Amino acid sequence: MSTIGGRRRGLGLAWLLALCFMTLGPALGTASRLTYHEAFVAQGAREILASGRWEHPTIGGRPWLEKPPLPFWMVAAAGSIAGRVTPLAARLPSALAAAFLVLGVAHLARRHYGTSVALLAGAMQATTSWTVLRGRLAEADVSLACLIVWTLVAFDHLRTPTETNPRPWRWVFFVLLGLTSLVKGTGFGAALVVSVVLVVLAWDRRPEAVRRLIFPAGWVVSGLIAVVWPLSMVAKYGRGVGSLWLMHVADRVGDRSGHGFFAGESWGEYLLGVLGQGLPWTPLALIGIVHAFRALRRGEASAGDRLLLAWTVAPMVLVSLPGGRNTHYAIYAIVPWSIWAALTLARFGDRLQARGRSPLRVRRAAIVGLTVVAAAYGLVFGLFGARFDRRGKEWAFYEQAGALVRRDEPLVLLYDDWDRDPYPTPFGPIPHDLAVRLYYLDRPASWHLAGDPTSTEADSPPASLAVVARDRDLPALAELGDVQILARGPDLRWDRVFSLYRVVPIRPAMNSASSTPVPRTMKTGS
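Everything quoted here is computed from the prediction, not taken from an experiment. (Residues numbered from 1 in each chain as written. Predicted model: local features only at pLDDT ≥ 70, side-chain atom pairs only at ≥ 80, totals over all residues. Heavy atoms only, no water.)

Draft legend 1. Structural view of empty space enclosed by the protein. Scanning the entire structure with this criterion turns up three cavities of 30 Å³ or more. Considering only enclosed or pocket space, the largest cavity measures out at about 60 Å³ in volume. Forming the walls of the largest cavity are Gln 125, Thr 128, Trp 130, Gly 278, Trp 281, Ala 285, Ile 334, Trp 337 and Ser 338. Looking at side-chain class alone, the lining of the largest cavity contains five nonpolar, four polar and no charged residues. (1 Å grid on protein atoms, 1.4 Å probe; cavity = no way out; pocket = protein on both sides within 12 Å on 5 of 7 lines; lining within 4 Å. Points joined across faces, edges and corners; volume = space filled by probe spheres on them. Nonpolar A, V, L, I, M, F, W, Y, C, P; charged D, E, K, R; others polar.)

Okay, here's the thing in structure tokens:
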């Protein structure tokens, strides 16, 4: 019997991994070009490999400390194995994290509700829209979600009185709790986990679970993992780094009207976004949540119900109350929805069997239906993803520009008041699209922002200068020399129509701060 049970679990695991491959694998690196946010990770990882310095990422040679380094390290590691940081290498860590997240959900569901519900929950997690979409992006969200899932899986083992060997799970809990601070923000993931843990401990009233968490060595290790990197960055670059992180927190927590870069969503937008991220299983999940609250009211909530309810409510409150609320922060609270949906589907299957349907037929219908959903995701991304990548046309222009510019020719990116405000950093402002431009140009470049003219080009004037700019910059460029048009970018948005120009020769009117002339309305940013 144990052999048969092990074989079934093996087949179930293989099925869940197959679903993950169908939803995440097709055209992972080619269905769309990198987004603005993805490009920061990919370009940062590329510069890590180019410099050989792994302590922190850089963008255009400047330290980029807005986010913790773990996503950059994972992408750099993937790029090192692949030979370079391709879009596929950049997105592969997220896809693997999504797959491990699915396995974590299935493991947790099996502990409380049995193998059938576990397979349904894992399959629904693998085919939930936010898992697929976030798992196909080189961003930190799904990696943090994976760490949170497995941290709470470890906690669930620790709170279980019948757990015969809690010691390994105790170390898993504390190590993963510390790692959450290296993904999206120091303390953010840990706060979400601790909110669930505190609610469950108060609800369970099990002294043994509390005693297992009173583990000084574990707390020390977790704290060191969380704080060594940020403290080292403050020690190296000064208090401005700490001020940067405080600015990020304050801008997200304060009133919505004062957010600037991090303006949150209205309650209506937010609610619709949260419900949409659970599709196509949102209706089943909501039914499952209602059923659990009814069981709670009758005093029949199980240990699994208490954990899932705490996980559904506590993190959602934390991420929803700040003015900088955003739909993607809610994904950490809607992980349990896949288990709620699986329980609803399992009850529906029980009703079908009660009406005379064979258990085998019901199981086959569920397997086929979920497999079809997963295959549909793969087909859509594989066949049609690139067709809907409208912004990717501009990124293709930068690829073309990078190929047209000689390797020894200086390349300058011009910015003005038509562009979004740059990100403020202690090392100078960073344009919001600088990373994606540098990634697809695949070569060094300097950038100029509106302001007083300065320059960091070579001390001697170059024979020619390549410039990515708008047509309205032509008069300023013409003051420097003869302007040639090498390539024109796509006309997708009136404010983002760029061309690649070459200015030759550089005329003798020089900038006072450097021998290289620069348009008077431009300021170097690199």
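Draft legend 2. Summary view of the packing of helix H18 (residues 392-404) against helix H19 (residues 434-441). It is at 7 Å that the axes of H18 and H19 come closest, and there the two elements cross at 50 degrees. Between H18 and H19, the interaxial angle falls into the category oblique. Relative to H19, the crossing made by H18 is right-handed. Side by side, H18 and H19 meet where Trp 395, Tyr 398, Glu 399, Ala 401 and Gly 402 of the first sit next to Val 436, Arg 437, Tyr 440 and Leu 441 of the second. Looking at the contact of H18 with H19, its residues break down into six nonpolar, one polar and two charged. (Axes fitted to C-alpha atoms, helices over the stretch in contact; angles between N-to-C directions. Helix = DSSP H or I, 4+ residues; strand = E, 2+ residues; numbered from the N terminus. Parallel < 35°, antiparallel > 145°, perpendicular 65-115°, else oblique. Left-handed = near helix turned anticlockwise from the far one by under 90°. Contact = heavy atoms within 4.5 Å.)

Draft legend 3. Expanded view of the pattern of salt bridges. On inspection of all chains with the given rule, the structure shows 28 salt bridges. Between Asp 156 and Arg 111 there is a salt bridge, with the nearest N and O atoms lying 2.7 Å from each other. Pair noted here: Asp 156 is in helix H7 (residues 141-159) and Arg 111 is in helix H4 (residues 87-113), with a separation of 45 residues, a long-range link. Residue Asp 156 is classed as buried on the basis of its relative accessible area, which comes to 0%. Its salt-bridge partner being Arg 472, residue Asp 417 comes within 2.7 Å of it at the nearest N-O pair. With Asp 417 in the loop between strand S3 (411-414) and H19 and Arg 472 in the loop between strand S5 (465-469) and helix H20 (474-478), this pair connects stretches of sequence that are 55 residues apart. Linked by salt bridges that have partners in common, Glu 394, Asp 416, Asp 417, Asp 419, Asp 433, Arg 437, Arg 470, Arg 472 and Arg 496 make up one network. (Salt bridge = Lys/Arg side-chain N within 4 Å of Asp/Glu carboxyl O. Buried < 20%, exposed > 50% of the residue type's maximum accessible area, 1.4 Å probe, protein only.)

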